[in-house]
There are 2 protein chains.
Amino acid sequence: MTTPSAFYLDCDTGIDDALALAYLLASPLASVVGIGTVSGNVSAAVGARNTLDLLELAGHAHIPVAVGAHHPLAGSFGGGAPWVHGENGIGEVSLAPAAASLAGESAAEMLVRLARTHAGSLKVLAIGPLTNIAEALRLEPALPSLVDSVTVMGGAALAPGNITPVAEANIWHDPEAAALVLAADWDVTLVPLDVTMASVLEEPHQQQLLASSGAVPRALGEMLGYYFRFYEGIYGRPCSAMHDPLAAALAVGAVRPALAPVVRAAVDTTSGPGRGQTVCDMRGLYAGYPPVAGARCRVVLSLEEDFAPHLVDTLLTLGEDAAVLDSTTAALASAGALTR
Amino acid sequence: MTTPSAFYLDCDTGIDDALALAYLLASPLASVVGIGTVSGNVSAAVGARNTLDLLELAGHAHIPVAVGAHHPLAGSFGGGAPWVHGENGIGEVSLAPAAASLAGESAAEMLVRLARTHAGSLKVLAIGPLTNIAEALRLEPALPSLVDSVTVMGGAALAPGNITPVAEANIWHDPEAAALVLAADWDVTLVPLDVTMASVLEEPHQQQLLASSGAVPRALGEMLGYYFRFYEGIYGRPCSAMHDPLAAALAVGAVRPALAPVVRAAVDTTSGPGRGQTVCDMRGLYAGYPPVAGARCRVVLSLEEDFAPHLVDTLLTLGEDAAVLDSTTAALASAGALTR
């Protein structure tokens, strides 16, 4: 049996963040050792509450959650995307408020601490704006040598953006942070809109989740109803892109890219029409992407197989067991045994 | 029989400009009434000499050629691309120096004059940087109401750039001019790298041109040898993209787009990594590009059929007849009958 890898998750929970979190909890390849939140889909504080509530529902209330940056490195938080994720960030689905409390450290501090604790083996998965990761690089310049891998859901290489014609939301919300993260001394796997927009969950997948006996899959299925309504305006049918869970599956290694060239990449931090664009050098396209000296950004463009069935199957394992564990955890938490 | 349309060609001749010019001369759908040159592949002055020499070789020395802008609107001309087009701009092929002289007006002045003369019917085909077109808009703000159509070879919508990761050469060499042209009160057909890089001339096509009895197809075949060597580094085999002649064929209507959404487009004029990018809003991709209110840029993404055979067949019509006409023209020109 494979030993699960230690994961630090940085998120802005968020419907697809909720799916990614649940996927990581369900995956036998991952052990989430800490979660930081950042403002993006919702504020860092709301994202942290959603994360705590989801963890408790999934019977994982022991995983520490730290609130991260409210504002991006430059400018200020713009209020999130309620038209995509709902006012509460999770599609207006009501979860029981978790008893567990927030960690006493910031997300960046948590990342640095975990990177030192799990020196050389921590996998970093960032599915929100990259403010916390940039701050962690500032707190600990040796961070790149301490972590095993960095996977980022964000950007668009050859695909259109989703906030501007060229900018994807996670990068758009903090281009300055993204620029620092992509320029740091580590290899980054970028999971951009090119591949996430092609990884679509359809209504039958949602029905499978709603029909589960597990509280978590059912809650995710309900959230997807909200998400589907937004994406109907994009795809012309009720369905949704699977941005964050796909990044999670690639980070754990359960899903393999078919095409993922390693290229030079920078982030546009001007105030021009390209602001927030991940400027990936895809000029090797016509020769099958020959190796590029000094390139450190692995851009996932396509997958070996359709992601949706694997995602749904994995989420459905969060069934009865989790619900039982959940009751136990809730009982323990309300008894004060799990406060941190 | 169709009446040929009056064309003003703006070019930076250039190997693929030479092919586009020859294509227009050969096409029964086009009548070139004036040509302006601009610095790009070569300087505006060298481009004008190449154009005159090609016109004389093709027996069309009567078409007036005006030298246009040497420098872009901002900054200065960078010296062209000899590694792509050769030191002389036409792949080191030597053409007999034309006897005809240059027009006494600038390219922008010529465009404005022709637009007035052919009011409502002039088709503008720009296959170099857009400096002259921008200057013509300044000279005659009513220009958009005077011309029939504007077709521009330039930019990259979803494809990589060819000068930077996101910028195509014609736009890169004068982003400020391109921004003015795309913002003017007219519809523009953009023929970007997305479609030109997929329209490839192969060695058998070159052999067909070299085997022609016409001096023009043979000269073009020789130029392609140089061009192929550059593009071998891009495609991994000797061949070449057909940027400019494809724009010509689309402008005359001999080739039809399979997919050409009309979208909003702007040009990045910052000094950031996106400088020179045509920021086309392709976000309608996932719903089949529904109509967008106020959009005026028709971005050609694909063709109904392969362009290369049509191009070669058309160029091969510049055979014996042209060579005969050429001798006549040259004799007249050397007798001083054609000086302007």
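Small disclaimer: the values here were computed from a predicted structure and weren't measured.

Visitor: Where do I start with the overall build of chain A in this structure?
Guide: Across its full length, chain A holds 14 helices and 14 strands. Taking 20 Å as the expected radius of gyration for a compact globule of 340 residues, we find that chain A reaches 19 Å, a close match to that expectation. Across its three principal directions, the C-alpha atoms of chain A cover 55 × 45 × 45 Å. The buried share of chain A, reckoned over its 340 residues, is 59%.

Visitor: It is not clear to me how the packing of helix 10 (residues 203-210) of chain A against helix 13 (residues 308-316) of chain A should be interpreted in this structure. Could you clarify?
Guide: Residues and elements named next belong to chain A. With their axes 10 Å apart at the nearest point, helix 10 and helix 13 run at an angle of 10 degrees to one another. Our classification of the angle between helix 10 and helix 13 gives roughly parallel. Of the residues in helix 13, those in contact with H205, Q208 and L209 of helix 10 are A308, V312, L315 and L316. Of the residues in the contact of helix 10 with helix 13, the class split is five nonpolar, two polar and no charged.

Visitor: How do you make sense of the sheet that holds strand 5 (residues 147-153) of chain B when you look at a structure like this?
Guide: Remark on secondary structure: sheet strands pair via backbone hydrogen bonds, oriented parallel or antiparallel. Residue and element names in this part refer to chain B. Judged by pairing direction, the sheet is mixed, and its eight strands sit side by side in the order 3-2-1-4-5-6-13-10 without closing on themselves. Looking along the sheet, the strands with just one partner apiece sit at the ends: strand 3 (65-67) and strand 10 (262-263). The pairing of strand 6 (residues 188-191) with strand 13 (residues 297-299) spans three bridges and is parallel. Residue pairing in the sheet places T189 in a bridge with R298 of strand 13. Together, strand 1 (5-11) and strand 2 (30-37) form the strand contacts of helix 1 (residues 15-26), whose direction differs from that of strand 1 by roughly 170 degrees. Contacting strand 1, strand 2, strand 3, strand 4 (122-126) and strand 5, helix 4 (residues 107-117) runs over the sheet at an angle of about 150 degrees to strand 2.

Visitor: In this structure, what is going on with the sheet that holds strand 13 (residues 297-299) of chain A? I would like to understand it.
Guide: All names here are of chain A. The sheet built from eight strands is open, its strands ordered 3-2-1-4-5-6-13-10 with mixed pairing. A single partner strand is all that each edge strand has here, and the edge strands are strand 3 (65-67) and strand 10 (262-263). As paired strands, strand 2 (residues 30-37) and strand 3 are joined by three bridges and run parallel to one another. Bridged to T37 within strand 3 is V67. Running at roughly 150 degrees to strand 2, helix 4 (residues 107-117) makes contact with strand 1 (5-11), strand 2, strand 3, strand 4 (122-126) and strand 5 (147-153) of the sheet.

Visitor: Looking at this structure, how should I read the environment of B:E135?
Guide: All names here are of chain B. Here E135 lies in helix 5 (residues 131-139). When the C-alpha positions of E135 and V33 are compared, they lie 19 Å apart, and in sequence the two are 102 residues distant. With sequence-adjacent residues up to four places away left out, E135 is seen in contact with A69 and A108.

Visitor: Whenever I open this one, the relation of the copies chain B and chain A confuses me. Can you help?
Guide: Both copies of the chain are related through a single rotation about an axis accompanied by a shift along the same axis. In screw terms, the move from chain B to chain A is a rotation of 180 degrees and a rise of 0.0 Å along the axis, fitting with an RMSD of 0.0 Å. The symmetry that links the two subunits is that of a two-fold axis. Across chain B, the smallest distance between a C-alpha and the rotation axis is recorded for B:L158, namely 2.6 Å. A shared binding surface is used by both copies, with 100% of the interface residues of chain B retained as interface residues in chain A.

Visitor: Sorry, what's going on with the interface of chain B and chain A here?
Guide: Often, the extent of an interface is quoted as the loss of accessible area on bringing the components together. In this complex, chain B contributes 23 residues to the contact, which on the side of chain A involves 24 residues. Secondary-structure elements contributing two or more residues to the side of chain B that touches chain A are helix 11 (215-235) and strand 12 (278-280) of chain B. Counted by class, the side of chain B that touches chain A contains 15 nonpolar, five polar and three charged residues.

Visitor: How should I be thinking about the pairing of strand 5 of chain B in this particular structure?
Guide: Each regular strand displays side chains that alternate between the two surfaces of the sheet. Residue and element names in this part refer to chain B. By the criterion of burial, strand 5 is predominantly enclosed, with five of the seven residues buried. Relative to strand 5, strand 4 is paired through five bridges, and the arrangement is parallel. For L122, the partnering residue across the bridge sits in strand 5 and is V147. Here strand 5 runs beside strand 6; their pairing, made up of four bridges, is parallel.

Visitor: What am I meant to see in the confidence of the model for chain A here?
Guide: Any region with low pLDDT has predicted coordinates that should not be read closely. Residues and elements named next belong to chain A. Here chain A averages 94 in pLDDT, and 94% of its residues register 70 or above. Here residues 322-340 is modelled with pLDDT under 50, and outside its nearest four sequence neighbours on either side it reaches 33 contacts, counting other chains as well. Under the prediction, the complex receives an ipTM of 0.91, its pTM being 0.92.

Visitor: How should helix 8 (residues 175-183) of chain A be read in this particular structure?
Guide: One turn of the α-helix equals 3.6 residues, which is why residues spaced by three or four share an orientation. Residue and element names in this part refer to chain A. For helix 8, a buried count of seven out of nine residues is recorded, marking the element as mostly surrounded by other parts of the structure. Among the residues making up helix 8, those that are buried are P175, A177, A178, A179, L180, V181 and L182. Buried residues along helix 8 sit in contact with helix 5 (131-139), helix 7 (169-172), strand 6 (188-191), strand 11 (265-267) and strand 13.

Visitor: I tried to follow the packing of helix 1 of chain B against helix 12 (residues 243-252) of chain B on my own but got confused; where do I start?
Guide: Geometry of a packed helix pair, given as the angle between the helix axes and the separation of the axes. All names here are of chain B. Remark: helix 1 packs on helix 12, axes separated minimally by 6 Å, with the N-to-C direction vectors making an angle of 25 degrees. It follows that helix 1 is roughly parallel to helix 12 by the angle criterion. Judged by the twist between their axes, the crossing of helix 1 over helix 12 is right-handed. Residues D16, D17, L19, A20, Y23 and L24 of helix 1 touch helix 12, and the partners they reach there are H243, D244, P245, A247, A248 and A249.

Visitor: Sorry if this is basic, but what is going on with the environment of B:S199 here?
Guide: Topologically, B:S199 is positioned in the loop between helix 9 (193-196) and strand 7 (200-202). Looking at B:S199, the number of C-beta atoms within 10 Å reads 21, which means it is buried.

Visitor: How do you make sense of helix 11 (residues 215-235) of chain A when you look at a structure like this?
Guide: Residues and elements named next belong to chain A. Helix length check: helix 11 (21 residues) gives 29 Å between terminal C-alpha atoms against 30 Å at 1.5 Å per residue, within 8%. At R229, helix 11 is deflected by roughly 30 degrees, the largest bend along its length. Taken together, the buried positions of helix 11 are A215, V216, P217, A219, L220, G221, M223, L224, Y226, Y227, F228 and Y231.

Visitor: Hey, could you run me through unusual backbone geometry in this one?
Guide: Leaving glycine out, the prevailing phi sign among residues is negative, and the prevailing peptide bond configuration is trans. Along the chain, A:T13 connects to A:G14 via a cis peptide bond; the corresponding omega equals -5 degrees. Structurally, the position occupied by A:G14 is in the loop between strand 1 and helix 1 (15-26). The backbone phi angle of A:Y289 is positive, close to 55 degrees, even though this residue is not glycine. Looking at the element boundaries, A:Y289 is found in the loop between strand 12 (278-280) and strand 13. Owing to 18 C-beta atoms within 10 Å, A:Y289 belongs among the partly exposed residues under this scheme. Its identity is not glycine, yet B:E92 carries a phi of approximately 65 degrees, on the positive side. Secondary-structure assignment places B:E92 in the loop between helix 3 (82-85) and helix 4. Residue classification places B:E92 among the partly exposed positions, given that 14 C-beta atoms sit within 10 Å.

The rules we used
- Residues numbered from 1 in each chain as written.
- Chains lettered and ligands numbered in written order.
- Predicted model: local features only at pLDDT ≥ 70, side-chain atom pairs only at ≥ 80, totals over all residues.
- Helix = DSSP H or I, 4+ residues; strand = E, 2+ residues; numbered from the N terminus.
- Rg over C-alpha atoms; globule rule 2.2 N^0.38 Å.
- Buried ≥ 20, exposed ≤ 12 C-beta atoms within 10 Å, placed from the backbone.
- Axes fitted to C-alpha atoms, helices over the stretch in contact; angles between N-to-C directions.
- Parallel < 35°, antiparallel > 145°, perpendicular 65-115°, else oblique.
- Contact = placed C-beta atoms within 7 Å.
- Nonpolar A, V, L, I, M, F, W, Y, C, P; charged D, E, K, R; others polar.
- Pairing = 2+ DSSP bridges.
- Least-squares fit on C-alpha atoms with pLDDT ≥ 70 in both.
- pLDDT = per-residue confidence, 0-100.
- Left-handed = near helix turned anticlockwise from the far one by under 90°.
- Expected span 1.5 Å × (residues − 1).
- Bend = angle between axes of the 7 residues up to and from the residue.

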